[in-house]
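# Chains, contacts and geometry: an overview
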Amino acid sequence: MLRLQPRLRLAWLALAGGLVAGPAAAQTTPIHGRLEVQDAEQFAGPDGVQAAQGEQIANDVSGDFRLTWEPTWGDWGLQVHYVIQAQNGPAVSLARAEAGLIPVPPPTLLNLTGVFENDGQWLASQRVDRLAVTYTTSDLVVRVGRQALTWGSGLVFRPMDLFDPFSPTDTDTEYKPGVDMLYVQKLFADGSDLQLILAPRPERFGGPIKVDDSSAALHYHTTLLGHQVTVLAAYDHGDVVTAVGVNGALGGASWNVEIVPTALRGGGVPVSAIANISDAVTLFGRNATVFGEYYRNGFGAPNSPRGFAGLPPALIDRLARGQVFTTRRDYLAGGMTVEATPLLTLSPTLIVNLDDGSALALVAATYSLADNVALVAGAQAPIGPGNTEFGGIPLTATSPLLLAPPGQIYVQLRRYF
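Below you will find a few notes about this structure. (Residues numbered from 1 in each chain as written. Predicted model: local features only at pLDDT ≥ 70, side-chain atom pairs only at ≥ 80, totals over all residues. Heavy atoms only, no water.)

This paragraph deals with the side chain of His 81. Mapped onto the fold, His 81 is located in strand S4 (residues 76-88). For His 81, the contacting residues outside a window of four places in its chain are Arg 66, Leu 67, Thr 68, Glu 70, Arg 127, Val 128, Asp 129, Arg 130 and Tyr 175. (Helix = DSSP H or I, 4+ residues; strand = E, 2+ residues; numbered from the N terminus. Contact = heavy atoms within 4.5 Å.)

Here we take up the side chain of Arg 201. Following the sequence through the fold, Arg 201 ends up in the loop between strand S9 (193-199) and strand S10 (215-224). Buried Arg 201, no salt bridge; nearest opposite-charge side chain is Asp 236, N-O distance 4.4 Å. Here Asp 213 takes part through its backbone oxygen, which lies 3.1 Å from a polar atom of the side chain of Arg 201. (Buried < 20%, exposed > 50% of the residue type's maximum accessible area, 1.4 Å probe, protein only. Lys, Arg positive; Asp, Glu negative; His and termini not counted. Salt bridge = Lys/Arg side-chain N within 4 Å of Asp/Glu carboxyl O. Polar contact = N/O pair within 3.5 Å; in protein donor to acceptor, adjacent residues only side chain to side chain.)

Where strand S2 (residues 57-69) and S4 come together, nine bridges link them in antiparallel fashion. The residue of S4 that forms the bridge with Trp 69 is Val 80. As paired elements, strand S3 (residues 72-73) and S4 share two bridges and run antiparallel to each other. Looking at the pairing, Thr 72 lines up with Gly 77 of S4. Direction of pairing for S4 relative to strand S6 (residues 122-136): antiparallel, over a ladder of 13 bridges. Note on S6: the bridge partner recorded for Val 83 is Arg 127. (Pairing = 2+ DSSP bridges.)

Attention now moves to the packing of aromatic side chains. Summed over the entire model, instances satisfying the criterion amount to six aromatic pairs. Measuring from centroid to centroid gives 4.4 Å for Phe 157 and Tyr 295, while their planes differ by 10°, and the two rings are stacked. Here Tyr 295 lies in strand S15 (residues 286-296) and Phe 157 lies in the loop between strand S7 (140-147) and strand S8 (179-187), a separation of 138 residues in the sequence. Residue class for Phe 157 comes out buried when judged on its relative accessible area of 5%. Through pairs of rings, three or more aromatic residues link up here, namely Phe 157, Tyr 295 and Tyr 331. Its guanidinium or amino end placed over the ring of Tyr 175, Arg 66 lies 4.0 Å from that ring's centre, counting from NZ or CZ. (Phe/Tyr/Trp six-rings, centres within 6.5 Å; stacked < 30°, edge-to-face > 60°. Lys NZ or Arg CZ within 6 Å of the ring centre and 35° of its normal.)

This paragraph deals with unusual backbone geometry. Negative phi is the rule for most residues except glycine; trans is the rule for most peptide bonds. Located in the positive-phi region is Asp 164, a residue other than glycine, with phi close to 50°. With respect to the secondary-structure elements, Asp 164 resides in the loop between S7 and S8. Even without being glycine, Phe 284 reaches a positive phi, approximately 55°. Tracing the sequence through the fold places Phe 284 in the loop between strand S14 (271-283) and S15. A relative accessible area of 86% places Phe 284 in the exposed class.

With that settled, the discussion passes to the environment of Asp 39. With respect to the helices and strands, the residue Asp 39 is situated in strand S1 (residues 32-43). In the structure, Asp 39 is positioned 326 residues away from Ala 365 in sequence and 15 Å away in space, judged by C-alpha atoms. In this view, Asp 39 contacts Asn 59, Asp 60, Val 61, Ile 409, Tyr 410 and Val 411; residues no more than four positions away in its chain are not counted. Of the polar contacts made by the side chain of Asp 39, one reaches the side chain of Asn 59; its length is 3.2 Å.

Buried residues of helix H5 (residues 313-321): Ala 314, Leu 315, Ile 316, Arg 318, Ala 320 and Arg 321, and no others. Buried residues belonging to H5 abut strand S11 (227-236), strand S12 (239-250) and strand S13 (253-263). Of the residues trailing H5, Gly 322 is marked for its positive phi of about 70°.

As structure tokens, this is what we get:
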């Protein structure tokens, strides 16, 4: 019999309370959802950790089932997303092995995940991924609970996004993980808006809330001299983060620049930044969007790291929290999205590490099988020799094992209802 954690049971009680308190809304607001199944084949290098586990070529199968219910009662709204996930394959045991490399802090306040299978190559769980109450007027939005938030104008890299940004290698970017927070947005008559975020966290699940593990932020967006301007001030995991973003038009293209200095509590002010440009064009008679983006990782290692353990501590912290996904400083990404046919979209992307010359090539294709059914296929290929980021970083200065992203091909089937 499945046993839910106490806080997961409380989440279900809150959902049941919403059903009882609002039967009229429950009748008029349907439950929607998505079912996704994926098959992925991974190809690791002979010196990789995956190959050392005897799985140089590995196949993983996974499934993701999400139910969404978002009723409203006048100015009030409720957002509930329930997710069941299951995965079978060597990637499960590999993730367990890699989990010991970096201690991962809780990403949010409450543990609303129940794991009901975690053995060998099997991992299966359920969780409440959204559970938030919203109050909305013409100029004010207040939302309390588990929710998702995205900041910044990055196309591949997102230094301004502090709350679970997507990795450049994520194959499913439709839903960000929810974070327990208070969100307040004030809208002004001139189109500007001010957002306040409070995201409390403990040092470990079940422990007391710690200020240095929590986040608080102010995010202001306005128009200045014909350009969209964003200003961010945040206290995040004990560090002070500030940011300025500006975007505008250049001919028919649009450009964005973001500068994100971070004052570390241990000293130092690394500065991350992006600059990108994108344009809608016609290629061979097909509609397409092309882009280029430069990314400066202020936390990256200035030289080729002598093993993963030799990376800067501030970088390791952000790798553990899922806020940064690269280990060096300078990157260039380029790509496009092409409507090959009305039903088929192709999206190739190339990411180049300008410091060591390694690269990561990605391509995805989405084909609409029906109104609510999509087939997604893709491939990812790391390019580079050993002791480069995408070729593989040694675990330690003397270790022969390399930590590198594996090449992979994958197929997903998504059904919406």
